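# Structural overview
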Amino acid sequence: MDKNQREYILREELKVIREELGDDNTMSDADEFQQAVDALKASKEVKEKLNKEIKRFRNSMNSPAEVGVIRTYIETMLEMPWDKTCKEHKDIAFARQVLDEDHYGLEKVKERVLEYLAVRALTKKGEAPIICLVGPPGTGKTTVARLIGEVLFESGAFKSDEFKLIEASEPDFISQNVGGTAQQTLALLEKAKGGVLFIDEAYALNKKDANVDFGIEAINTILKYMEDHRGEIMIIFAGYTKEMEEFLKTNPGLTSRVPNKFVFEDYTPDEIVEIGEKDLVKKQYQFEDEEYYAQQVKRAYRNSLDHSNARWIRNFNEKLLKAFANRVMNTGTEDLETITRADIDEVLAQGRYQASGKKDEDALERLQKLIGINGVKEQVNRFISLVE
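Read on for an overview of the structure. Note that the structure is predicted; figures quoted are calculated from it, not measured. Within each chain, residues carry numbers counting from 1 in the order of the written sequence. Residues qualify for local features only when their pLDDT is at least 70, as the model is predicted, and side-chain atom pairs are given and counted only at 80 or more; totals for whole chains, interfaces and linings, by contrast, use all residues. Side-chain metrics in this entry use all non-hydrogen atoms of the structure; hydrogen atoms and water are not considered.

In this section: the overall build of the protein chain. Put simply, DSSP marks the helices as runs of H or I at least four residues long and the strands as runs of E at least two long, and each gets a number from the N terminus on. The number of helices and strands found in the protein chain is 18 helices and seven strands. Within the protein chain, the fraction of its 388 residues that count as buried is 43%. A separation threshold of at least 6 residues defines the contact pool for the protein chain, and within that pool the share at least 24 residues apart is 72%. Each accessible area is a Shrake-Rupley estimate made with a 1.4 Å probe; only the visible protein chains count as cover when residues are assessed. When the accessible surface of the protein chain is split by element, carbon and sulfur atoms take 50% of a total near 21800 Å². Each residue is assigned to one of three classes by its accessible area relative to the maximum for its type, calculated with a 1.4 Å probe on protein chains only: buried under 20%, partly exposed between the two thresholds, exposed over 50%. The criterion used for residue contact is that any of the two residues' heavy atoms lie within 4.5 Å.

Pasting the structure below:
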């Protein structure tokens, strides 16, 4: 019998004793929680979440283990100083604004990030943790990492006077010399102290087939450093979902130290169009035919080997503006704001954006139709992403 089950049984026995003593005025735990929520000076969103948990609490009375978990959550939420107007709330409001301005879509990630920052700020945990950002390229993992780090720094999570974010990957850690990997890793950690060490494609540290796995040495050095310098540095691992899951299993200490994982998803073609349009409008451009831009961008993205999300549409728009500039120079037009159908057609005429009847995209279509070989397909997409 675990702790939650014992507490549940004791509470039930206490209720029976109270009833036998004629104490009819006692409220049920759920009613007490509801009364506390009604009196809570918190936002509408917070109260709605708590009311949902109270409803779950009422419906789970025959499951002691689940009741215990829900009870702990409700009690923790009720103890938080929701009524305080503090600097941390301003930081989180700023984070929400940045997420909305710089990251179209990604609603689930935004919600998780803001919830994580709110809990960290309100509970005042003094230790900067390790977190994991997983998903495809071009979805803003690096900028979200910086935002999380900045908000935590402003809320006092780091013992330093200046915030910094250091980006690193496998070559920055690994040395072929004995003891060299630990030294290089320590140098990076010291450089990032007081801020965030962002490790992209962290799973590259796991050298499965190597005679000497220097990557494990780097991971162990990172974990040891985190233990010795609590509150002084934050580690953010990032990379593809499947590979990151396997990476976290390489060291027993990793999984337990990475309780927070944020999953980024691919943008839809409609979202890619929206990102592209906002990017051009922000730069003071307008469209001769906005619908034509949307249709052609969606078609080109579906046919492209490169599905690097926001990175893809930024590259597309850069080529579009070059075509626009060339046309303006060659024609001498005085209209320096309108992107025409001809500009879009000029970009689409380039090899990588050709229509699906062209040879390159026939090859891609045949590749995608092949059964299995998912690893090969993914590797091709990554290669094209790097070339882009």
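Attention now goes to unusual backbone geometry. A negative phi angle is the norm for most residues apart from glycine, just as the trans form is the norm for most peptide bonds. A positive phi angle, near 50 degrees, is found at E201, a position not held by glycine. Here E201 shows up in the loop between β3 (196-200) and α10 (214-228). Within the chain, N309 stands out as a residue other than glycine whose phi angle is a positive 60 degrees. Relative to the helices and strands, N309 is located in the loop between α14 (290-303) and α15 (310-331).

The residue K193 is located in the loop between α9 (180-192) and β3 in this model. The residues contacting K193, other than those within four sequence positions of it, are K164, Y225, H229, E232 and I233.

Turning next to the nonpolar core. Within this scheme, the nonpolar core is defined by two criteria: the residues are buried Ala, Val, Leu, Ile, Met, Phe, Trp, Tyr or Cys, and they are joined through side-chain atoms within 4.5 Å. Counting 31 residues, the largest nonpolar core has F173, L197, I235, F237 and F247 as the members making the most contacts within it. The element that contributes the greatest number of residues to this core is α10, accounting for seven residues. Not counting residues within four places of it along the chain, the set of residues in contact with L197 comprises I166, A168, F173, L189, A192, I233, M234, I235 and I236. The next biggest cluster of nonpolar side chains, apart from the first, holds 25 residues, and it includes F287, F324, V328 and I339.

Moving on: helix α16 (residues 341-348). Every buried residue of α16 is listed here: D343, I344, V347 and L348. Along the axis of α16, the buried residues cluster in a sector spanning 135 degrees; they form a single face. On its buried side, α16 packs onto α14, α15 and β7 (338-339). Directions are taken from the helix axis to each C-beta atom, and the arc is the one they span.

Right, let's get into helix α2 (residues 29-39). The complete set of buried residues in α2 reads D29, A30, F33 and V37. What you see down the axis of α2 is that its buried residues fit within an arc of 100 degrees, all on one side. Away from its buried face, by an angle of more than 90 degrees, α2 presents the exposed residues Q35, D38 and A39.

Each pair of aromatic rings is reported with the distance of its centres and the angle of its planes. Centre distance within 6.5 Å is the pairing criterion for rings of Phe, Tyr and Trp, where only the six-membered ring of Trp is used; planes under 30 degrees apart are then read as stacked, over 60 as edge-to-face, and the remainder as tilted. Counted by the stated rule, this structure contains seven aromatic pairs. Measuring from ring centre to ring centre gives 5.4 Å for F33 and F57, while their planes differ by 75 degrees; the resulting arrangement is edge-to-face. Linking F33 in helix α2 with F57 in helix α3 (residues 44-59), this pair joins segments that are 24 residues apart in sequence. Here F33 and F57 have matching classes, each one buried.

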